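Observations on chain architecture
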Amino acid sequence: MPIQRVAGSFRDPSGFVFFREGRVFRAVDETCQGVLEGLADSGRFDDLVARRLIVDTQFVKLGELLDELRDDCPGVDHFLEHEVIPTITYPYEWSVSMLADAGIHTIDLQLELLKDGCALKDATAYNIQFVEGRPQMIDVASIERPQRQDVWFAYGQFLQMFLYPLLLNRYQHWDLHSDFLGKINGRDIESVGRAFSWWQKLRPGLFLDVTMPLWLHRWAEKGRRAQRETLEKPADNTRAQVLNLQRMRRKLRKLADSYRPSGVWTDYTNICNYDGEAELAKKGAVCKFLMQSNPRQVLDLGCNTGEYSRLAAECGAEVLAADADHDAIEMLYRGLKDRPANITPVVLDLANPSPAIGFMNLERPAFAQRAKADCVLALALMHHLLVSANMPLAGVCDLLHSLTERDLVLEFVPPEDEMFQRLMKFRVDLFQDLTLAQCKAAFAKRFEIREEVAIANSQRTLLFMRKV
Amino acid sequence: MNMLPTLAYIDPMSGAIVLQLIIAGIAGAAAYFRRSIWACVRLLCGKAKSADAAAGDGAQTREN
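This one's a predicted model, so the numbers in the text were calculated from it and none came from an experiment.

1. Overview of the overall build of chain B
For chain B, the helix and strand inventory stands at 2 helices and 0 strands. A burial count over chain B gives 16% of its 64 residues as buried.

Okay, here's the thing in structure tokens:
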């Protein structure tokens, strides 16, 4: 049976992840299997799964499947099977609270593992995925049994992956998207140090976690002060590490909670030109189309704070909610904590979607390769693509065609619409001829237009289409 | 069970390791000297209390 090895799973020599007949498996070496079995025997492994600290994982026990997997992967004896995550997202698509929660989740798992004499051998943000709006650790092979328990070997990586991007965002207003896209493994301490002025480095919020590690890093790198033997010295008192991680947990929480969303579109729901009746009519039509489509996975493009994503989730779909505005996604994610729903929010600019990055440009696939949708919702989006992103109408059609497996719900916004005019304020009017008929003709080349509903009390029209 | 030395495949960032060793050192020292520190605190408090009491008695005496 052919297996598809996951391209991003190559760093940790203790194993690798692969797909086989739509199921996801992890090959692990003897040492890793020993550590995980130790946890399983004491019941702690099932406990971590039940509390959703780690992704649902089963040991592949003796039997036909194990024999087949051993044939597929010569030299490997042990395998785990993981639950398949609907959509993989990456930190450059997360909002501030999502990154902070991913960090807090990593700390919570590390604190739990310390109780059993185990620890995480790495602390990369890519090990965390969001399922139904909640973080989960997917790299189970990252669990090890270290010699030293007072020091966390992955703490430096944790700072680079979680704390530094949040501090740079908080104090220097750097956006997480550019930071992670530019530095796949997180920004090194020297580079972080250069981003802050000397007086900023003396701030209490930065001194212990940026300035001190920077000074100590420079000191340790001089000569032969950094000795690897230090890390091999057994020490089983976890108290110092626990105290430090609890402090770090509080710090991440504070950084996330003190973030104030102020994006352009976050108050869109209040300023959009729909009155109550039109809003209700639009919701009714979208709901009707969703029932007809009956999708398993929905991609809501330009989701804003997720009103229609929730509607799709209530129809039973797994929803991937995308918007270019970070603050809209931040508000959507915060809303999921109070009212959980099967929605995965992502910050995504359709005019410049996340590219494929990393080793051989294969390690982290492009957004289009990860987004799977039976139905795409493109509500109040068309005018943004045409005006703000300067896309031609045929280009918009091609883009939406490439993102849906089957259906598309498109909201046609005429140039006379107030929101369309708002975007056109200082631009040459290139859209005088844009009519519903012209839009339908453009989309009819690649879609079958199944139904259209004019939204009462507005100039807009909803179109339900299927790929041909 | 893994009894091999921890040599992970990631760069540990020496500054972060040294910082943790310092924190561990401070926490260790605090734990080690906890009894003696408490003894000192109690001694000081005790002394302070008895001094207060003595001062209070004195004040009362003066009032009387």
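2. Things to note about the overall build of chain A
The helix and strand tally for chain A stands at 20 helices and 16 strands. For 468 residues, the compact-globule formula gives about 23 Å, and the C-alpha radius of gyration of chain A, at 25 Å, lands near that figure. For chain A, the spread of C-alpha atoms along the principal axes amounts to about 75 × 65 × 40 Å. Counted over contacts in chain A with a minimum sequence separation of 6, partners at least 24 positions apart contribute 68%.

3. As for the sheet that holds strand β4 (residues 57-59) of chain A
The strands that make up a sheet pair up through hydrogen bonds in the backbone, lying either parallel or antiparallel. All names here are of chain A. Spatial strand order, β1-β2-β3-β5-β4: 5 strands in an open sheet with antiparallel pairing. Where the open sheet ends on each side, the last strands, each with one partner, are β1 (4-5) and β4. In this sheet, strand β5 (residues 78-82) lies alongside strand β3 (residues 23-28) in antiparallel orientation, the contact comprising 5 bridges. Bridge assignment links Val-28 to a residue of β5, and that residue is His-78.

4. Regarding the nonpolar core
All names here are of chain A. If you look at the biggest cluster of nonpolar residues, it comprises 137 residues, and the most contacted ones within it are Leu-99, Val-376, Leu-377, Ala-378 and Val-409. By residue number, the principal contributor to this core is helix α5 (residues 155-172), which donates 10 residues. Once residues lying within four places of it in the same chain are set aside, the contact partners of Val-376 are Leu-299, Leu-301, Leu-400, Leu-403, Thr-404 and Leu-408.

5. Topic: the interface of chain A and chain B
On the chain B side, the residues contacting the 38 residues of chain A number 21 residues. Sort the elements by how many residues they give to the side of chain A that touches chain B and helix α9 (residues 204-221) of chain A lands first, with 7 residues. Residue classes in the side of chain A that touches chain B are distributed as 19 nonpolar, 8 polar and 11 charged.

6. Overview of the sheet that holds strand β14 (residues 407-412) of chain A
Residue and element names in this part refer to chain A. Taken in spatial order, the 7 strands of this open sheet run β12-β11-β10-β13-β14-β16-β15, and their pairing is mixed. Across the chains shown, the open sheet's two edge strands, defined by having one partner strand only, are β12 (343-347) and β15 (447-454). For this sheet the average axis-to-axis angle between neighbouring strands, irrespective of direction, equals 20°. Judged from the 5 bridges that link them, strand β10 (residues 297-301) and strand β11 (residues 318-323) form a sheet pairing that is parallel. Across the sheet, Gln-297 pairs through a bridge with Glu-318, a residue of β11. Contacts from helix α20 (residues 436-444) reach β14, β15 and β16 (461-467), with the element oriented near 155° to β15.

7. As for the domain arrangement of chain A
Residues and elements named next belong to chain A. Domain annotation for chain A reports domain 1 (1-84), domain 2 (91-259) and domain 3 (268-467). Centre-to-centre, using C-alpha coordinates, domain 1 lies 26 Å away from domain 2. At the junction of the two partners, domain 1 supplies 19 residues and domain 2 supplies 15 residues. When contributions to the side of domain 1 that touches domain 2 are tallied by element, the ones reaching two or more residues are β3, α1 (30-41), α2 (44-50) and β5. Here the residues of the side of domain 1 that touches domain 2 are counted per class, giving 10 nonpolar, 5 polar and 4 charged.

8. Things to note about the pairing of β16 of chain A
Residue and element names in this part refer to chain A. Pairing analysis gives 6 bridges linking β14 to β16, with the strands arranged antiparallel. Across the sheet, the residue bridging to Glu-411 is Leu-462, located in β16. Note that β15 and β16 share 7 bridges and pair antiparallel. Each residue of the ladder has a partner; that of Phe-447, found in β16, is Lys-467. The turn joining β15 and β16, which pair antiparallel and follow one another in sequence, is formed by 6 residues; a positive phi near 60° is taken by Asn-457.

9. What about the packing of helix α13 (residues 276-293) of chain A against helix α14 (residues 307-314) of chain A?
The axes of two packed helices give the description: the angle between them and the distance between them. Residues and elements named next belong to chain A. One way to put it is that α13 packs onto α14 with a least axis distance of 10 Å and a crossing angle of 40°. The angle between α13 and α14 places the two elements in the oblique class. The handedness of the crossing between α13 and α14 comes out as right-handed. Contact with α13, carried on its side by Lys-283, Val-286, Cys-287 and Leu-290, involves Tyr-308, Leu-311 and Ala-312 of α14 and no other residues of that element.

10. A look at the environment of Ile-329 of chain A
All names here are of chain A. With respect to the secondary-structure elements, Ile-329 resides in helix α15 (residues 326-338). Sequence separation of Ile-329 and Thr-305 is 24 residues, and the distance between their C-alpha atoms is 6.3 Å. Residues in contact with Ile-329, not counting those within four places in the same chain, are Ser-95, Asp-323, Pro-345, Val-346 and Val-347.

11. Some points on helix α4 (residues 96-114) of chain A
Look at α4 of chain A: 27 Å from first C-alpha to last across 19 residues, which is about the 27 Å you get at 1.5 Å a residue. Most of α4 of chain A sits out of view: 15 of its 19 residues are buried.

Definitions and limits used
- Residues numbered from 1 in each chain as written.
- Chains lettered and ligands numbered in written order.
- Predicted model: local features only at pLDDT ≥ 70, side-chain atom pairs only at ≥ 80, totals over all residues.
- Helix = DSSP H or I, 4+ residues; strand = E, 2+ residues; numbered from the N terminus.
- Buried ≥ 20, exposed ≤ 12 C-beta atoms within 10 Å, placed from the backbone.
- Rg over C-alpha atoms; globule rule 2.2 N^0.38 Å.
- Contact = placed C-beta atoms within 7 Å.
- Pairing = 2+ DSSP bridges.
- Core = buried A, V, L, I, M, F, W, Y, C linked by C-beta atoms within 7 Å.
- Nonpolar A, V, L, I, M, F, W, Y, C, P; charged D, E, K, R; others polar.
- Axes fitted to C-alpha atoms, helices over the stretch in contact; angles between N-to-C directions.
- Domains from an automatic or database assignment.
- Parallel < 35°, antiparallel > 145°, perpendicular 65-115°, else oblique.
- Left-handed = near helix turned anticlockwise from the far one by under 90°.
- Expected span 1.5 Å × (residues − 1).

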